[in-house]
Amino acid sequence: MAMNKVQFQAGLSLPAFTAVWFEAQCRKSLFSARWPEGFRCPACAGSAHSTFKRDGQIYYQCTDCRHQTTLLAGTMFEAPSCRSPSGSLRCTC
Ligand SMILES: [Zn+2]
């Protein structure tokens with residue numbers, strides 16, 4: 001009998017997958033609520049940006065003024081008590 005490669009591939013446990021999926025959905029919802037027209041720099045209102053990851057956080061850097069911000073900056077999730085131990089978003093929605 002042939003081995004089903006999909007069945008035996010390394011992956012996440014169901015709780016780990018659910019946590020990753022749930023956080024991704026919360027991040028997507030927060031992004032849409034914060035920037036409904038797409039990213040806007042809080043310093044100059046520019047929309048061109050790049051992203052990079054540092055310390056588990058995704059940073060948005062404005063191409064025009066080089067201002068760096070995160071999705072959580074200025075929100076209730078910015079407080080360390082509202083974050084998961086990994087520093088990523090902890091959502092209770
Ligand atoms: Zn800017």
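See the structure above.
Let me begin by describing the structure that accompanies this report. Numbering of residues begins from 1 in every chain and follows the order in which that chain's sequence is written. Only residues with pLDDT of at least 70 are given local features in this predicted model, and only at 80 or more are side-chain atom pairs given and counted; all residues enter the totals for whole chains, interfaces and linings.

Some points on unusual backbone geometry
Then step 1. Despite not being glycine, Ala45 has its phi angle at roughly 70 degrees, a positive value.
Then step 2. By definition, any uninterrupted DSSP run of H or I lasting at least four residues is a helix, any uninterrupted run of E lasting at least two residues is a strand, and each is numbered from the N terminus. By the element assignment, Ala45 lies in the loop between helix H1 (14-34) and strand S1 (49-54).
Then step 3. Phi at Arg66 takes a positive value of approximately 70 degrees, unusual for a residue other than glycine.

Structural notes on the pairing of strand S2 (residues 57-62)
Then step 1. Two strands form a pair only when DSSP identifies at least two bridges running between them. Pairing of S1 with S2, which is carried by 6 bridges, proceeds in the antiparallel orientation. Bridge pairing in S2 links Ser50 to Gln61.
Then step 2. Between S1 and the antiparallel strand that follows it, S2, lie 2 residues; Asp55 among them carries a positive phi value of about 55 degrees.
Then step 3. Both S2 and strand S3 (residues 68-70) contribute to a ladder of 3 bridges, which runs antiparallel.

Here we look at the sheet that holds S2
Then step 1. One open sheet holds the 3 strands; their spatial order is S1-S2-S3, and the pairing between them is antiparallel. Looking at strand neighbours, the two that pair on one side only are S1 and S3, the edges of this open sheet. Ignoring which end each strand starts from, the neighbouring axes of this sheet average 35 degrees apart. Between N-to-C directions, angles span 0 to 180 degrees; the directions come from axes that are lines fitted to C-alpha atoms, helices contributing only their stretch in contact.

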